[in-house]
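Remarks on the overall topology
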Amino acid sequence: MNDLVIIGLRTILFYVILLFALRIMGKREVGELGVIDVVVFIIMAEVAAFALDSPNDKLMEAIVPIVVLLVIQLVSSYVSLKSKKFRDLVDGDPSVLIRDGEIIEAEMKKQRYNLDDLFQQLREQNIGSVREVTFAFLEPSGNLSVFTKGDTQPVLSLISDGVIQSRHLNIIGKTDEWLLNELKKQGVNDHRKVFYCSLEDGALKYQLKLSFQ
């Protein structure tokens, strides 16, 4: 009976601890969780499960790992906020699977994404033919973002946190040199000062970092 009481009290305690930890980690939908978030959630759940299965073990042996995991997640979130390279390393970058009605087979193989998966997601978005698709992006979350000929076309970041996105430039048929020259025409001689830059309606749009405004 005592073990049941301990398990019940521990269940309530870990519910509060995990709820508090999740609130600190930020509000994100399940489909938007990054790799580190998923790993942290899984390990936290396992630690809590072990603590509930072993009511005679010290409670701190379970609380300490959860606190350590929370610190790891908060530190990684801070580094991710400051470093685009770290974000790309951990979460990856969207992959273009369809461009102008053509399936990019090499990218499909690279992402281990088969045609059945692709066509299923297209059907779920009421798209009957690949030929209707101008762009289809496989997001880091695993969702497929699809744009058709009648839609407003996607805007890709050409510079993010001062880092030139060469892959995005290649998608729109531009080069790093073209981007740097266009910025110089607008009086920006150092791309590292740019917080965000994109090409919209044929014009270059950018926003400088706060420290340079």
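Residues numbered from 1 in each chain as written. Predicted model: local features only at pLDDT ≥ 70, side-chain atom pairs only at ≥ 80, totals over all residues. Heavy atoms only, no water.

**What about the pattern of salt bridges?**
A full pass over the atoms with the stated rule returns four salt bridges. A salt bridge links Lys 109 to Glu 105; its shortest N-O distance comes to 3.3 Å. With a gap of four residues between them, Lys 109 and Glu 105 both fall in helix α5 (residues 105–110), about one helical turn apart. Judged by its relative accessible area of 51%, Glu 105 is exposed. Here Arg 192 and Asp 190 are joined by a salt bridge, their closest N and O atoms 3.0 Å apart. Owing to a relative accessible area of 55%, Arg 192 belongs among the exposed residues under this scheme. (Salt bridge = Lys/Arg side-chain N within 4 Å of Asp/Glu carboxyl O. Helix = DSSP H or I, 4+ residues; strand = E, 2+ residues; numbered from the N terminus. Buried < 20%, exposed > 50% of the residue type's maximum accessible area, 1.4 Å probe, protein only.)

**Considerations on the sheet that holds strand β7 (residues 194–200)**
Read across the sheet, four strands follow the order β6-β5-β7-β8 without closing on themselves; strand pairing throughout is antiparallel. With one partner strand each, in any of the chains shown, β6 (163–164) and β8 (203–208) form the two edges of the open sheet. Pairing of β7 with β8 involves six bridges; the strand directions are antiparallel. Looking across to β8, one finds that Glu 200 is bridged to Ala 203. Here helix α8 (residues 176–185) sits on the sheet and contacts β5 (157–160), β6, β7 and β8; the angle it forms with β8, its principal contact strand, is near 70 degrees. (Pairing = 2+ DSSP bridges. Contact = heavy atoms within 4.5 Å. Axes fitted to C-alpha atoms, helices over the stretch in contact; angles between N-to-C directions.)

**Concerning unusual backbone geometry**
Even without a glycine there, the phi angle at Asp 100 is positive, about 55 degrees. Here Asp 100 lies in the loop between β1 (95–99) and β2 (102–103). Under the relative-accessibility criterion, Asp 100 is labelled exposed at 61%. Positive phi values are uncommon outside glycine, yet Asn 126 reaches one of about 60 degrees. By secondary structure assignment, the location of Asn 126 is in the loop between α6 (115–124) and β3 (133–138). With a relative accessible area of 72%, Asn 126 lands in the exposed category.

**A closer look at the packing of helix α3 (residues 60–82) against helix α4 (residues 84–91)**
Contact pair α3 / α4: the axes reach a minimum separation of 5 Å and the direction vectors enclose 120 degrees. Comparing the axis directions of α3 and α4 gives the class oblique. On the side of α3, the interface is formed by Ser 76, Val 79, Ser 80, Leu 81 and Lys 82, while α4 contributes Lys 84, Phe 86 and Arg 87. Counted by class, the contact of α3 with α4 contains three nonpolar, two polar and three charged residues. (Parallel < 35°, antiparallel > 145°, perpendicular 65-115°, else oblique. Nonpolar A, V, L, I, M, F, W, Y, C, P; charged D, E, K, R; others polar.)

**Structural notes on the side chain of Thr 134**
Mapped onto the fold, Thr 134 is located in strand β3. We classify Thr 134 as buried; its relative accessible area is 11%. Not counting the four nearest positions on each side in its chain, Thr 134 is found in contact with Ile 98, Arg 99, Asp 100, Phe 147, Thr 148, Lys 149 and Gln 153.

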